[in-house]
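# Survey of secondary and tertiary structure
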Amino acid sequence: MAAAAALEAVAPTGALWGLVQDFVMGQQEGPADQVAADVKSGSYTVLQVVEALGSSLENPEPRTRARGIQLLSQVLLQCHSLLLEKEVIHLILFYENRLKDHHLVIPSVLQGLRALSLCMALPPGLAVSVLKAIFQEVHVQSLPQVDRHTVYSIITNFMRTREEELKGLGADFTFGFIQVMDGEKDPRNLLVAFRIVHDLISRDYSLGPFVEELFEVTSCYFPIDFTPPPNDPYGIQREDLILSLRAVLASTPRFAEFLLPLLIEKVDSEILSAKLDSLQTLTACCAVYGQKELKDFLPSLWASIRREVFQTASERVEADGLAALHSLTACLSRSVLRADAEDLLDSFLSNILQDCRHHLCEPDMKLVWPSAKLLQAAAGASARACDHITSNVLPLLLEQFHKHSQSNQRRTILEMILGFLKLHQKWSYEDKDERPLNGFRDQLCSLVFMALTDPSTQLQLVGIRTLAVLGAQPDLLSSGDLELAVGHLYRLSFLEEDSQSWAAALEASGALATLYPVAFSSHLVPKLAEELGRGQLDLARGDEPIKCSRHLRCLQALSAISTHPSIVKETLPLLLQHLCQMNKGTNEVIAVCQSLQQVAEKCQQDPESCWYFHQTAVPCLLALAVQASMPEKEHSVLRKVLLEDEVLAAMVSVIGTATTHLSPDLAAQSVARIVPLFLDGNVSFLPENSFPCRFQPFQNGSSGQRRLVALLMAFVCSLPRNVEIPQLNQLMRELVELSCCPSCPSSSTAAAKCFAGLLNKLPTGQQLDEFLQLAVDKVEAGLSPGPYRSQAFTLLLWVTKALVLRYHPLSSCLTDQLMGLLGDPELGPAAADGFSLLMSDCTDVLTRAGHAEVRIMFRQRFFTDNVPALVQGFHAASQDVKPNYLKGLSHVLNRLPKPVLLPELPTLLSLLLEALSCSDSVVQLSTLSCLQPLLLEAPQVMSLHVDTLVTKFLNLSSSPSMAVRIAALQCMHALTRLPTPVLLPYKPQVIRALAKPLDDKKRLVRKEAVSARGEWFLLGSPGS
């Protein structure tokens, strides 16, 4: 009471007194916020509030006192930053005194102390005083959860702002907190309490003689057994508690003598979650423990881990056991040894070898792989461990490989050897003589070459992977070994009977060619060149498909080994020369272009190779294409083929890939030559540039020349945005004119795409506005009845996409124009399909790889801006054009991220269901693709329409389109994820109906029918 009397203040006003009475006596909550707001505004001071509360604070009735202190505490929680140091002192004294009051008062007192613990004006010494008072006067665990949480908050606040003062308490602070926490059960409080314990340890608070007590008060919760209640508003998960407690237990080596026996006990228990938690905690502990902490427990730890890996049926337990063994070995490897100290690492590894080594001699027995995994987990922890284990295990495995003659046994042994070899890649050795594998070089190479010549494909595959790992070891393979290795890879690359071996051989060739370019240039490239020449003759003679297949594999091998700049300078001329000399059909030319593209992709990682490829391949391809477009009396086969759409598309991919990674300076050099080629016919930079007539694709050129605009598109639309394009005004006008040329649809489409690609990259400004106006005028003129309506529509579509991707304001006007065309009898279906283009990712233009401006959420924005208009248009449209709106809507929804679609699903689902009745198979397929994930992600909404869904899906399972039948059956399968009670009435009908697609003529349809019908059969059965 003396402390309260010391809080002198001027007499409160009547209004304040009224608010206090309403709160204390009238049991109203609103006045507290009003009083706090008035204090913040300066109408009252905190001392005036205390004065107004005077009679309430001294009332003999505990509930009245509690309400008075509650009001003061709520005001302080909002106004603690306004308090002066003198006020804080008096308030602290008052609240400490009230900790001795009736238990009904304590919650409000604690809230006031929490507010004061946040004060920056808190004088030194008062934090200690408050905590001593709480430790002495309050039995925390008898309080409700929220009040216990308040105590933890007070401690947390003081630890954050008054650390040095609390450390002055010494071990008394730790002991006080142990008393506060002891017996805590609420997960919300435990999260805070675990954090406090972790801070006690990590910030070097004195634990004194209370280390074991602190361990006991936290370890009693291990392992965490908590299942959050359904619809838990706090969102606390079991994993949160596990990680918080693990951070405490693994925070100090001083817990080791108490914790390690507990972990061993829990690992040996029968509870899966306890095993996992214990092994993961052991792994975390090894990061802070040393040899001293682990020494006495190593035999027991190894026995427990070995048993779990040998006997467990759980992959998770095995993985965590191996991780724990890895961490134990790493911990023993880290410790610095004294001269007279025992080397625990060697003895530990010797125990592991003793228990596992003999199992490696039994490649058919079940313990061979668990033993190998244990040895590899330990070996992977440090270079010392790796050397120790490898030097003991490799001789044994090499001996076993020769001792066993069966391919499957040899494969098992070689896979184990491969695992140990991979571990050596982690460690580097400065001295060549120190490298432990050098002593096994000849034996390893001999063994690998034996595997590569074995008739077993599976053994060959392991041999190829082992060869790649051996090659990655510095200076391990001699020149003779490399020559043999290249010969084997060449042979395996042309094995006809098995695709796995040649695919693996190509991958290994690419990896090794990077490391040994000279060997591959000397031994493999000449062989491939010879094979390519033979393939050229075989193709010319029209020989059997086997030889054609060898030709394709040769092309793939050339591209696979083009991983080093010096090799690229040999393989690229070979491929280009081969392309120039070809006199066969479309597929062969496309195959060469695909190989060129793969080489271009590999060159992207190296600027020098990228520029070499670009300046070598692009002019050559352009020269071939220009030559093919020239009018001549007799066209060669190659010249006819080069102008086909499929071949041009393949060349577009090569040129685009060769351009995207150019530096701006080099790209500027290239664009200064290629754009004048198309605008002015300047062919001077092309090889063999003697042509019978001028190349003028834009000035009344032949249709063949116009088709080559696709190659211009591939180049200019892949350039970095900051590269200036010469003669841009002329180029854009020519592209607009060509885009509406009705005589050659493919060239007009390429021109429209090229125009859109350039438009997308232009910076905002007058030039962009002029080009947009040019396009809009051309589209408006073309869409009126006339000869080039279709071309004008294509231009509109691509310009719209270019603007939608960059959020340009004009995109909404063009999208509205596109929506207006949905009702057009001629262009309506094409306009509906156009929404698919607007929402899809392109491969040749307007790509992120090609430096286009693509905003990250353009699909979501397009959906928000346009779907309401599409829905409104559908309802207002006549019956004959409604399918166009449904198709457009289906395309938009199908490509929309599902989290965006789910909130809108209730309003759009009826339209999607109506789209399933549309006769257009494209609409059906798009809608089914949209609905299937929704069945999995929004079962509650979808179950409201289960009758309609079942009927329509079953009807579509008999569609003439195979793709629709498959999608419908997949949706029938997904339907089983809906609540079982909703589906059970339909089960007999569905099972009968799904019997028909079981006899479908297409295997893929039958496969989906079996899967769906099986799920419906199991519906409602026990355990389903």
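## Section: the overall build of the chain
The number of helices and strands found in the chain is 56 helices and zero strands. Its C-alpha atoms give the chain a radius of gyration of 39 Å, clearly above 31 Å, the size a compact globule of 1024 residues would have. When its C-alpha atoms are laid out on the principal axes, the chain stretches across 115 × 80 × 70 Å. Buried positions account for 56% of the 1024 residues belonging to the chain. Excluding contacts between residues fewer than 6 apart, the proportion of contacts in the chain whose partners are at least 24 apart in sequence is 73%. Charged side chains of the chain number 87 positive and 107 negative; the gap between the two group centres comes to 5 Å.

## Let's talk about the side chain of Thr660
By the element assignment, Thr660 lies in the loop between helix H36 (645-659) and helix H37 (664-680). Only 3.4 Å separates the side chain of Thr660 from the side chain of Gln604, close enough to count as a polar contact. In this view, Thr660 contacts Gln604, Ser718, Ala849, Gly850 and His851; residues no more than four positions away in its chain are not counted.

## Some thoughts on helix H16 (residues 256-267)
In an α-helix, one turn spans 3.6 residues; hence positions three or four apart end up facing the same way. The first and last C-alpha atoms of H16 sit 16 Å apart over twelve residues, in line with the 16 Å expected at 1.5 Å per residue. Of all the twelve residues making up H16, nine are buried; the element is thus mostly covered by neighbouring parts of the structure. Among all positions of H16, only Ala256, Phe258, Leu259, Leu260, Leu262, Leu263, Ile264, Lys266 and Val267 are buried. Buried residues along H16 sit in contact with helix H14 (211-219), helix H15 (238-249), helix H17 (272-285), helix H18 (291-294) and helix H19 (298-311).

## With respect to the side chain of Thr150
With respect to the helices and strands, the residue Thr150 is situated in helix H10 (residues 145-161). Excluding anything up to four places from it in sequence, Thr150 contacts Leu110, Gln111 and Arg114.

## Topic: the pattern of salt bridges
Applying the stated rule across the entire model yields 27 salt bridges. The shortest N-O distance in the salt bridge between Lys167 and Glu163 comes to 2.9 Å. One end of the pair is Lys167 and the other is Glu163, both in helix H11 (residues 163-167) and four residues apart, which spans about a single turn. Exposure remark for Lys167: the relative accessible area of 25% places this residue in the partly exposed category. Connected via shared salt-bridge partners are Glu163, Lys167, Asp199 and Arg203.

## A word on the packing of helix H8 (residues 106-117) against H10
Contact pair H8 / H10: the axes reach a minimum separation of 9 Å and the direction vectors enclose 20°. Relative to H10, the element H8 is oriented roughly parallel. By crossing handedness, the relation of H8 to H10 is classed as left-handed. Listed contacts from H10 to Pro107, Leu110, Gln111, Leu113, Arg114 and Ser117 of H8 are Asp147, Thr150, Val151, Ser153, Ile154, Asn157, Phe158 and Thr161. Looking at the contact of H8 with H10 residue by residue, the class counts come to six nonpolar, six polar and two charged.

## Some words on the confidence of the model for the chain
As a note on interpretation, predicted positions should not be read in detail where pLDDT is low. Averaged over every residue, the pLDDT of the chain is 87; residues scoring 70 or more account for 94%. Here residues 1-12 scores under 50 on pLDDT; set against residues more than four positions off or in separate chains, the count is 24 contacts.

## Regarding the environment of Leu912
The topology assignment puts Leu912 in helix H49 (residues 905-915). Put simply, Leu912 and Asn157 are 755 residues apart on the chain and 55 Å apart in space, counted from C-alpha to C-alpha.

## Let's talk about unusual backbone geometry
Here the bond from Phe222 into Pro223 is cis, since omega is -10°, no more than 30 degrees from zero. On the secondary structure map, Pro223 appears in the loop between H14 and H15. Positive phi, normally seen in glycine, also occurs at Gln727, with a value near 55°. Note that Gln727 resides in the loop between helix H39 (709-716) and helix H40 (728-739). For Gln727, a relative accessible area of 30% puts it in the partly exposed group. You will see that Leu846, though not glycine, has its phi angle at about 55°, which is positive. Tracing the sequence through the fold places Leu846 in the loop between helix H45 (828-839) and helix H46 (858-876). Under the relative-accessibility criterion, Leu846 is labelled buried at 7%.

## Side note on the environment of Ala877
Within the element layout of this structure, Ala877 appears in the loop between H46 and helix H47 (882-894). With residues up to four places along the chain from it excluded, the contact list for Ala877 reads Lys882 and Tyr885.

## Digging into the packing of aromatic side chains
Remark: the centre distance and the inter-plane angle together describe each pair of aromatic rings, the angle taken between the planes. The tally for this structure, following the rule as stated, stands at ten aromatic pairs. Positioned over the ring face of Tyr612 is Lys569, at 5.9 Å from the centre of the ring. Just above the ring of Phe874 sits the side chain of Lys882; from NZ or CZ to the centre is 4.2 Å.

## Examining the environment of Pro573
With respect to the element layout, Pro573 can be found in helix H32 (residues 565-581). In this structure the C-alpha to C-alpha distance between Pro573 and Cys620, which are 47 residues apart in sequence, comes to 10.0 Å. Aside from chain neighbours lying at most four places away, what touches Pro573 is Val568 and Tyr612.

## A short note on helix H23 (residues 383-403)
A rise of 1.5 Å per residue sets the reference length of H23, with its 21 residues, at 30 Å; its end C-alpha atoms lie 29 Å apart and thus fit the reference within 8%. The largest bend in H23 amounts to roughly 30° and is located at Thr390. All of the buried residues in H23 are Ala385, Cys386, His388, Ile389, Thr390, Val393, Leu394, Leu396, Leu397, Leu398, Gln400 and Phe401. In this structure, the buried residues of H23 make contact with helix H20 (315-334), helix H21 (344-356), helix H22 (368-379), helix H24 (407-424) and helix H25 (441-452).

## Looking at a negative patch on the surface
On the surface, Glu212, Glu213, Glu216 and Glu257 cluster together to form a negatively charged patch. Here the element with the most residues in the negative patch is H14; it accounts for three residues. Its location among the elements puts Glu213 in helix H14.

Definitions and cut-offs
- Per chain, the residues get numbers from 1 upward, laid out in the order the sequence is written.
- pLDDT decides what is reported in this predicted model: residues at 70 or higher carry local features, side-chain atom pairs at 80 or more are listed and counted, and totals for whole chains, interfaces and linings draw on all residues regardless.
- Side-chain metrics in this entry use all non-hydrogen atoms of the structure; hydrogen atoms and water are not considered.
- Helix and strand assignments come from DSSP, with helices taken as H or I runs of at least 4 residues and strands as E runs of at least 2, each series counted from the N terminus.
- Just to be clear, the radius of gyration here is over C-alpha atoms, and the globule rule we use is 2.2 Å times residues to the power 0.38.
- To sort residues, take the accessible area from a 1.4 Å probe on protein chains only and compare it with the maximum for the residue type: under 20% means buried, over 50% means exposed, and anything in between is partly exposed.
- Working rule for contacts: check all heavy atoms of both residues, and any pair within 4.5 Å makes them a contact.
- His is not counted, nor are the chain ends, whereas Lys and Arg count as positive and Asp and Glu as negative.
- Lysine's charge is taken at NZ, arginine's at CZ, aspartate's at CG and glutamate's at CD.
- In protein, a polar contact requires one atom able to donate a hydrogen and another able to accept it; more generally it is a pair of N or O atoms within 3.5 Å, and residues adjacent in sequence count only if both atoms are side-chain atoms.
- Here the expected span of a helix is defined as 1.5 Å times the quantity of residues minus one.
- The term salt bridge refers to a side-chain nitrogen of Lys or Arg lying within 4 Å of a carboxyl oxygen of Asp or Glu.
- Only the stretch in contact is used when fitting a helix axis, every axis being a line fitted to C-alpha atoms; angles between N-to-C directions are given from 0 to 180 degrees.
- Here the word oblique covers every angle except those under 35 degrees (roughly parallel), over 145 (roughly antiparallel) and from 65 to 115 (roughly perpendicular).
- Crossing handedness is read from the near helix: turned anticlockwise from the far helix by less than a right angle, it gives a left-handed crossing, and turned clockwise, a right-handed one.
- Under the scheme applied here, ten amino acids are nonpolar (Ala, Val, Leu, Ile, Met, Phe, Trp, Tyr, Cys and Pro), four are charged (Asp, Glu, Lys and Arg), and all others, including Gly, are polar.
- The predictor rates its confidence in each residue with pLDDT, a number between 0 and 100.
- When the centres of two rings from Phe, Tyr and Trp lie within 6.5 Å, Trp using its six-membered ring, the rings pair. Their planes under 30 degrees apart give stacked, over 60 give edge-to-face, and anything left gives tilted.
- Whether a charge sits over a ring depends on NZ of Lys or CZ of Arg being within 6 Å of the ring centre and within 35 degrees of the ring normal.
- What is called the bend at a residue is the angle between a pair of axes, fitted to the seven residues leading up to and ending at it and to the seven starting from it.
- In this analysis, a patch consists of residues with relative accessible area above 30% that form no salt bridge, clustered at 9 Å for like charges and at 5 Å for the nonpolar side chains Val, Leu, Ile, Met, Phe, Trp and Tyr.
- Accessible surface area values rest on a Shrake-Rupley calculation with a 1.4 Å probe, where residue burial reflects the displayed protein chains alone.

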